[in-house]
Amino acid sequence: MSAEAADREAATSSRPCTPPQTSWFEFLLEEALLEQHLQKPSPDPPPVQLIVQFLEQASKPSVNEQNQVQPPPDNKRNRILKLLALKVAAHLKWDLDILEKSLSVPVLNMLLNELLCISKVPSGTKHVDVDLASLPPTTAMAILLYNRWAIRTIVQSSFPVKQVKPGPPQLNVMNQMQQEKELTDSILKVLKEQAADSILVLEGALQLSKDLYVHTIRTLDLLAMEPGMVNGETESSTAGLKISAEEIQCQVCYDLGAIYFQQGSTNAAVHEKAKEMFFKTKELIAKNGSSSLHFTIDEERLAGYCQACGVLTLSSDDTSQQATPYSQIHRCMKSGNYQDIVNIFLEDNLTLSLPVQFRQSVLRELFQKSQQGNDALDEVCFKVCVCNTVCDVLQGRTVDVQFCQLFLKPSKEKIDFLLEVCSKSLNLENASEALKRKMAAFLKNLCLGLEDLQLVFMISSHELFMKLLKDDERKLLIDQMRKRSPRINLCTKPVASFYDIPASASVNIGQLEHQLILSVDPWRIRQILIELHGMTSERQFWTISNKWEVPNVYGNVILGIKDSLTRDLVYILMAKGLHCCAIKDFVHAKQLFAACLELVTEFSPKLRQVMLNEMLLLDIYTHEAGPGASGERPPSDLISRVRGYLEMRVPDIPLRQVIAEECVAFLLNWCENEYLTMQVPLPLVQTNPYVKLGQLLAATCKELPGPKESRRTAKDLWEVVVQICSVSNQHKRGNDGRVSLIKHRESTLGIMYRSELLSFIKKLREPLVLTTILSLFVKLHNVREDIVNDIAAEHISIWPSSIPNLQSVDFEAVAVTVKELVSYALTINANNHFWLIIQADIYFATNQYSAALHYYLQAGAVCSDFFNKVVPPDVYTDQCVRASDTGQGSSSVFTALSKLCLPCAKAAVVQESQLGQCSVT
């Protein structure tokens, strides 16, 4: 190995890499590894993933000698795997919130059944027939955990879930998803059949007055050491994590309240029981404090349940509940007294007691009723929307799109009501300066967005406006309004009437369109579009510039947006962002993409994922053009996002191939070979050609130089590239009856086209990866039968020496590719002597001897410090000497240099580079 190759290998091996993920079987081999792993700040894989892996391995069916599928054997390996899963759950303190969020119903069902088994719950006995008070504490706790989970799962399954649209048909994935769905449905069916028994078990638990214990890692180890003890009567029965009786009651009350509330949809009387349970939970939390609970309760959700129960069970003598805004709004919605809803919202703008989500839900419900034909609700919708908007302004949130749409055609009545709401929502005597500035900024922006000067005067002459804005601010605003007024008011002109002629609407639209084309400020773009849509509703403003290009896979989704203003805004923001990305203006691109992401998040999960993907690509470009160019490794978060994109399996999301291409190139450039070789999912390799190519490249580079036995991946990479460079032959019969052979280049025989492969390689910068792929193409070039002069390259011996069907390879395309690749490689590093030798050999093979000699000399100069050191023998080989003899008038120079006996070698190199030939005597 040459000195430079050794240096490069040392530098590559010393470069830090993301640590590999710990495999599940390692925990079988080392008993103490699990606890060490779980104590890490951010263990990889995380605990819940370990549970899935352990139980998945423990439940794998076996195949006997007759090739028949048998249930999983009850052997020591599987028992240890199940115990490891229980230990991980014990580390999580059996928190059902965490377990339910991350584990599927079948996996959690299996885990809790294992807990029942190891806790010595009597088999074949219904839980409802067991006296919890007489059982050991850990056994009773296991029964409670199982039945709490059963109730919670039934409640969760009753919530509506948006159906996921199927993606491209993949038989294995579809079968796996279908099997899991069928298994989940069958478990839910059993749980629902046993729901009455589970409720009785939990109701019985409310009578318990003793503390219980839940298994920890230590107690599980004790049980594993004492498998012969009957009915759980071991030290582990009272050596676990202590759960007080009041904490148990708190959890059970909350879960019972949830199932009662769910059953109340068919039996209104059950709501009273739900109310009792929820309010008892609230009392217990207030008494003991939420921080003392081993299991968390979502207090916001509990408050929502209490409010709902208070509304649903409202009685005439329940004055405390009747006074709440929730109950009043519920009663007004049922009775149709919508004006009172406006008054309640207006009063709440001062107290801010209603959550923003509740306000939005009421507005959505009013909009739905309005769209069903109740035109009288249009005014109510506007008034509620104004109340919500002023509330948002005071709390520092952005103005909602609905308000902008409803305010496209302002009127005197709308301005009057808006000013009334602003005045009643802000107590000027007690309001802070921050609130006053927020309200002032809102009114100023409102004035700037209005075209009618009479409406502007209504706002600017209002008492609130006068108090909020200082004199100089009001004068500045008036000057701004005059500048953007459609009238040109030049009082110094002699004929004032002529200069006061208003500009036509088409002129105003044209000026705004010109501003829209030039602007890269998301907020200004939005304001311009609102103004344009207020002038005309017939134009599609995303078409006004032919420079705004959005990929077809995105365009079809964006143009499907029904609202024309939103459609124009999303399309233009994305098009401008992509353009800024193309011209490397990454700062403005990030602003435009962030604004577009915020907009689409409100209504389209599909477009939200599209924007997240584009922002990932932008972050890759930004790093590679900035810190990455100076050798700084990307942050681990960016590497994780790249992996997440490649592993993403969200169906029906439009994807650009360039993102996958850049992600794989990014991982190769930063030597994430361990991930590409060992951890990338197999379905991803089978479906994504760039991932497959990246995996083969990473595996080949990882094994270099390696023994002959390690060249299997090199052979796989060779076969893939040969297939890409192959041509498809077709026979065509001409008019004279003769059959001629037609070669079709860029055939679809390989995993990608040659042009796509070349484009991908030109995204690579890592020296070893470039050397490997360059070496492969040089070897493929040399395999040609009619080759006269071979081209030399590093690591060329790892590739196969022959091809079964030489006629299938397009060697002309291979020769062109070699030239393009070596030219690109030299732009990355012009001082790599191996690449310089390849360039020299190419010139020599094409009879360009002077150019070849120039690169031979340059390679020798680079690796010998301008011939102050000995030129390595693997640089000036016998072929180089033969090449020098072939170049007329150059042999004396080259021979002298190769023997290192010419004192003025530097001068010879300079002369060669200047004259294109060398003639030293």
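Placed above this text is the structure.
Not measured: the values here are computed from a predicted model.

## Section: the environment of Lys-82
Working step 1: Mapped onto the fold, Lys-82 is located in helix α5 (residues 76–91).
Working step 2: Taking the relative accessible area as the measure of exposure, Lys-82 reaches 22% and is therefore partly exposed.
Working step 3: When the C-alpha positions of Lys-82 and Ile-51 are compared, they lie 8.7 Å apart, and in sequence the two are 31 residues distant.
Working step 4: Other than its neighbours up to four places away in sequence, Lys-82 contacts Leu-55, Ala-58, Met-110 and Glu-114.

## Some details on helix α39 (residues 754–761)
In an α-helix, one turn spans 3.6 residues, which is why side chains three or four residues apart end up on the same side.
Working step 1: Burial in α39 covers these residues: Arg-754, Leu-757, Leu-758, Phe-760 and Ile-761. When α39 is viewed along its axis, its buried side chains cluster within an angular range of 160° and face the same direction.
Working step 2: The secondary structure elements touched by the buried residues of α39 are α34 (657–669), α37 (689–703), α38 (712–724), α40 (767–782) and α41 (811–828).

## Here we look at the pattern of salt bridges
Working step 1: What the rule picks out here adds up to 29 salt bridges.
Working step 2: A salt bridge links Asp-255 to Arg-148; the nearest nitrogen and oxygen atoms lie 2.5 Å apart. Highlighted residues: Asp-255 in helix α12 (residues 245–263) and Arg-148 in helix α8 (residues 137–157), separated in sequence by 107 residues. Accessibility classification places Asp-255 together with Arg-148 in one group, the buried group.
Working step 3: As a salt-bridge pair, Glu-379 and Lys-383 come within 3.2 Å of each other at their nearest N and O atoms. Here Lys-383 and Glu-379 lie together in helix α19 (residues 377–394), a separation of four residues that amounts to about one turn.
Working step 4: In the salt-bridge network here, residues are joined through shared partners; they are Asp-97, Glu-100, Arg-148, Arg-152 and Asp-255.

## Some thoughts on the nonpolar core
Working step 1: Core analysis: the largest hydrophobic core is formed by 123 residues, its most contacted members being Ile-558, Leu-697, Phe-760 and Phe-777.
Working step 2: The residues contacting Phe-760, other than those within four sequence positions of it, are Glu-661, Val-664, Ala-665, Leu-668, Tyr-690, Leu-693 and Leu-697.
Working step 3: Counting 81 residues, the second-largest nonpolar core is a separate cluster that includes Leu-38, Leu-103, Leu-135 and Leu-223.

## Some remarks on the packing of aromatic side chains
Working step 1: Throughout the structure, instances matching the rule amount to seven aromatic pairs.
Working step 2: Consider the rings of Phe-403 and Phe-442, whose centres lie 6.2 Å apart with planes at 50°: the pair is tilted. Of this pair, Phe-403 sits in helix α20 (residues 401–406) while Phe-442 sits in helix α22 (residues 433–448), and the two are 39 residues apart along the sequence. Per residue, the accessibility class of Phe-403 equals that of Phe-442, and both read buried.
Working step 3: Consider the rings of Tyr-690 and Phe-760, whose centres lie 5.6 Å apart with planes at 50°: the pair is tilted. Of this pair, Tyr-690 sits in helix α37 while Phe-760 sits in helix α39; the two residues are 70 residues apart in sequence, bridging distant segments of the chain.
Working step 4: Under the relative-accessibility criterion, Phe-760 is labelled buried at 0%.
Working step 5: For Arg-359, the ring lying beneath its charged end belongs to Phe-345, and the centroid distance is 4.9 Å.
Working step 6: Sitting over the face of the ring of Phe-382, Lys-414 holds its NZ or CZ atom 5.2 Å from the ring centroid.

## Focus on the environment of Ala-440
Working step 1: Among the secondary structure elements, Ala-440 is positioned in helix α22.
Working step 2: A relative accessible area of 1% means that Ala-440 is categorised as buried.
Working step 3: Put simply, Ala-440 and Leu-469 are 29 residues apart on the chain and 6.5 Å apart in space, counted from C-alpha to C-alpha.
Working step 4: Discounting chain neighbours no more than four positions away, the residues touching Ala-440 are Leu-468 and Leu-469.

Rules behind the numbers
Residues numbered from 1 in each chain as written. Predicted model: local features only at pLDDT ≥ 70, side-chain atom pairs only at ≥ 80, totals over all residues. Heavy atoms only, no water. Helix = DSSP H or I, 4+ residues; strand = E, 2+ residues; numbered from the N terminus. Buried < 20%, exposed > 50% of the residue type's maximum accessible area, 1.4 Å probe, protein only. Contact = heavy atoms within 4.5 Å. Arc of directions from axis to C-beta. Salt bridge = Lys/Arg side-chain N within 4 Å of Asp/Glu carboxyl O. Core = buried A, V, L, I, M, F, W, Y, C linked by side-chain atoms within 4.5 Å. Phe/Tyr/Trp six-rings, centres within 6.5 Å; stacked < 30°, edge-to-face > 60°. Lys NZ or Arg CZ within 6 Å of the ring centre and 35° of its normal.

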